[in-house]
Amino acid sequence: MPYERKIINDPVFGFINIPKGLLYDIVRHPLLQRLTRIKQVGLSSVVYPGAQHTRFQHSLGAFHLMSEAITQLASKGNFIFDSEAEAVQAAILLHDIGHGPFSHVLEDTIVKGVSHEEISLMLMERMNKEMNGQLSLAIQIFKDEYPKRFLHQLVSGQLDMDRLDYLRRDSFYTGVTEGNIGSARIIKMLDVADDRLVVESKGIYSIENFLTARRLMYWQVYLHKTSVAYEKMLISTLLRAKELASQGVELFASPALRFFLYNDINPTEFYNNPDCLENFIQLDDNDIWTALKVWSTHTDKVLSTLSTGMINRNIFKVEISSEPISEDRKKELTLHISQQLGITLSEANYFVSTPSIEKNMYDPADDSIDIIYKDGTIKNIAEASDMLNISLLSKKVKKYYLCYQRLHR
């Protein structure tokens, strides 16, 4: 019987081969198909209208890079069983399966304290039962419980296939070309030493480029001030909806969204009550947008103002500073907003948010990027690079944001 496969055309990498069998079964699975209804970069399209790509596309891209990485590593004499190759490919296909719509927004509002990584694992275990244990090895690798540790690094590490895909894909769809990393070149330079991923020394510039691109994508795309403000608006909207729900106010919501609005779900509950996971997998971007459209005419002034702002792109104004925002400034704004909208001071708090965001380019504690030289010596990128010294790389940048409802003078 000829080798059977599916071929998918991807705008970033061209043709992606999916072999029939376990991997194709995963791609076709309803839990992976749900990711076609969840955007990869949440609300970033408010700044970059092209950023409409989905978590499903990203999962396929990461899978493609993983296939390339396996081929490369094997060609350098690193022995990888077919069963291990398939398992690590399955693990990368499933690595984002636990994301909800606007992932981090949900983690801050209606599914408090449960991270998408934990939900991913719960969903993998569930699929594994369905598939009679075919995912056991993939789950071991995902949890870093498999003896070949470098396989886990390919799924989750400084140079994992997840990062290599999303930086490349997000830069492609946003049009922020500086974020475009040479993923093919980096993969060609990968090797294994002492069961750890290393990069050949001639790949050092590609790694410098990767770290610089990552920093740029964070501040220009993921933490863009307008996206941050839009996200804060969505958080305020959902928190207000949750507050109204707890007071018994009737709100329009899909059954899945209603479940999370009208029940207080903590991590213990999420793990032990199967209804939580059932409802979670029914949630996607559409539940949120549909609710916002209906809430924009709700009698509650706070909920309707926020929802209308989300729908019509009337975004909070943002100021950024390197110093914390003063309490006086917050009070003054809150008072002003309460007067303008005719709402109480505590209600006006929904319209003012002061997040602070910290980010560094490279965290050696995280998992170092190791460069291997011809003579076998290994140096951490911070020592090996002549351009990016460690103090520069690991310097944490902290920015204070002040986001608030625009007022009419």
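- In the nomenclature of an unreviewed UniProt entry, the protein chain corresponds to HD domain-containing protein from the organism Bacteroides xylanisolvens CL03T12C04.

**Let's talk about the overall build of the protein chain**
Step number 1: Assigned secondary structure in the protein chain consists of 21 helices and 10 strands.
Step number 2: Its C-alpha atoms give the protein chain a radius of gyration of 23 Å, within 12% of the compact-globule value 22 Å for 409 residues.
Step number 3: C-alpha atoms of the protein chain, sized along the principal axes, occupy 70 × 50 × 35 Å.
Step number 4: Looking at the protein chain alone, contacts between residues at least 24 apart form 71% of all its contacts between residues at least 6 apart.
Step number 5: Measuring between centres, the 45 positive side-chain charges of the protein chain sit 6 Å from its 51 negative side-chain charges.

**Topic: a positive patch on the surface**
Step number 1: A cluster of basic side chains, namely K225, R313, K317 and R406, defines a positive patch on the protein surface.
Step number 2: Topologically, K225 is positioned in helix α12 (residues 225–246).
Step number 3: Judged by its relative accessible area of 38%, K225 is partly exposed.

**Some words on the packing of aromatic side chains**
Step number 1: Using the criterion set out here, one finds 8 aromatic pairs in the structure.
Step number 2: With a centroid separation of 5.0 Å and an interplanar angle of 70 degrees, the aromatic rings of Y218 and Y222 are classed as edge-to-face. On the criterion of helical spacing, the pair formed by Y218 and Y222 is a turn pair, its members being 4 residues apart in helix α11 (residues 204–222).
Step number 3: According to the relative accessible area criterion, Y222 is buried, its value standing at 19%.
Step number 4: Summarising the aromatic geometry, the rings of F260 and F280 are spaced 6.5 Å apart at their centres and angled 90 degrees between planes, so their arrangement reads as edge-to-face. Of this pair, F260 sits in helix α13 (residues 255–262) while F280 is found in helix α15 (residues 274–280), placing the two residues 20 residues apart along the sequence.
Step number 5: With relative accessibility at 2%, the residue F280 sits in the buried group.
Step number 6: Through successive ring pairs, a cluster of aromatic residues spans F259, F260, F270 and F280.
Step number 7: Stacked on the ring of W219, the Lys or Arg K399 has its end atom at 3.9 Å from the ring centre.

**So, the domain arrangement of the protein chain**
Step number 1: On domain assignment, one finds that the protein chain holds domain 1 (3–99 + 111–220) and domain 2 (223–356).
Step number 2: The distance between the C-alpha centroids of domain 1 and domain 2 comes to 31 Å.
Step number 3: Each partner contributes to the interface: domain 1 provides 24 residues, whereas domain 2 provides 25 residues.
Step number 4: For the pair domain 1 and domain 2, the summed buried surface comes to about 2,200 Å²; carbon and sulfur atoms form 67% of the total.
Step number 5: Interface area lost by domain 1 to domain 2 is led by L43, V46 and M122, which between them contribute 29%.
Step number 6: Here domain 1 is connected to domain 2 by 2 salt bridges.
Step number 7: Between D284 and R37 there is a salt bridge, and its shortest N-O distance comes to 2.6 Å.
Step number 8: Taken together, the connections running from domain 1 to domain 2 amount to 9 residue pairs in polar contact (both at pLDDT 80 or more).
Step number 9: Elements represented by at least two residues in the side of domain 1 that touches domain 2 include exactly α6 (116–130) and α11.
Step number 10: Among the elements that line the side of domain 1 that touches domain 2, the one with the most residues is α6, at 5 residues.
Step number 11: For the side of domain 1 that touches domain 2, a count of residues per class yields 13 nonpolar, 5 polar and 6 charged.

**Comments concerning the side chain of Q72**
Step number 1: For Q72, the location among the structural elements is in helix α3 (residues 55–75).
Step number 2: Classification of Q72 as buried rests on a relative accessible area of 18%.
Step number 3: Leave out the neighbours within four places in its chain, and Q72 touches I187 and K188.

**Observations concerning the nonpolar core**
Step number 1: If you look at the biggest cluster of nonpolar residues, it comprises 137 residues, and the most contacted ones within it are I26, L154, M161, F270 and W295.
Step number 2: Per-domain counts for this core show at least three residues from each of domain 1 (3–99 + 111–220) and domain 2 (223–356).
Step number 3: Non-local contacts of W295, meaning those with residues more than four positions away in its chain, are made with T237, L238, A241, L251, F252, L257, L261, L303, S304 and S307.

**Quick look at the sheet that holds strand β9 (residues 378–380)**
Step number 1: The 4 strands lie next to each other as β3-β4-β8-β9, forming an open sheet whose pairing is mixed. The sheet is open, and its two edges are formed by β3 (190–193) and β9, each paired on a single side. The mean inter-strand angle of the sheet, taken between neighbouring strand axes irrespective of direction, is 45 degrees.
Step number 2: Pairing of strand β4 (residues 196–200) with strand β8 (residues 370–372) involves 2 bridges; the strand directions are parallel. If you follow E200 over to β8, its bridge partner there is I372.

Rules behind the numbers
- Residues numbered from 1 in each chain as written.
- Predicted model: local features only at pLDDT ≥ 70, side-chain atom pairs only at ≥ 80, totals over all residues.
- Heavy atoms only, no water.
- Helix = DSSP H or I, 4+ residues; strand = E, 2+ residues; numbered from the N terminus.
- Rg over C-alpha atoms; globule rule 2.2 N^0.38 Å.
- Contact = heavy atoms within 4.5 Å.
- Lys, Arg positive; Asp, Glu negative; His and termini not counted.
- Charge placed at Lys NZ, Arg CZ, Asp CG, Glu CD.
- Patch = residues over 30% accessible without salt bridge, like charges linked within 9 Å, V, L, I, M, F, W, Y side chains within 5 Å.
- Areas by Shrake-Rupley, 256 points an atom, 1.4 Å probe, with all protein chains shown as cover.
- Salt bridge = Lys/Arg side-chain N within 4 Å of Asp/Glu carboxyl O.
- Buried < 20%, exposed > 50% of the residue type's maximum accessible area, 1.4 Å probe, protein only.
- Phe/Tyr/Trp six-rings, centres within 6.5 Å; stacked < 30°, edge-to-face > 60°.
- Lys NZ or Arg CZ within 6 Å of the ring centre and 35° of its normal.
- Domains from an automatic or database assignment.
- Buried area = accessible area lost by both parts, 1.4 Å probe.
- Polar contact = N/O pair within 3.5 Å; in protein donor to acceptor, adjacent residues only side chain to side chain.
- Nonpolar A, V, L, I, M, F, W, Y, C, P; charged D, E, K, R; others polar.
- Core = buried A, V, L, I, M, F, W, Y, C linked by side-chain atoms within 4.5 Å.
- Pairing = 2+ DSSP bridges.
- Axes fitted to C-alpha atoms, helices over the stretch in contact; angles between N-to-C directions.

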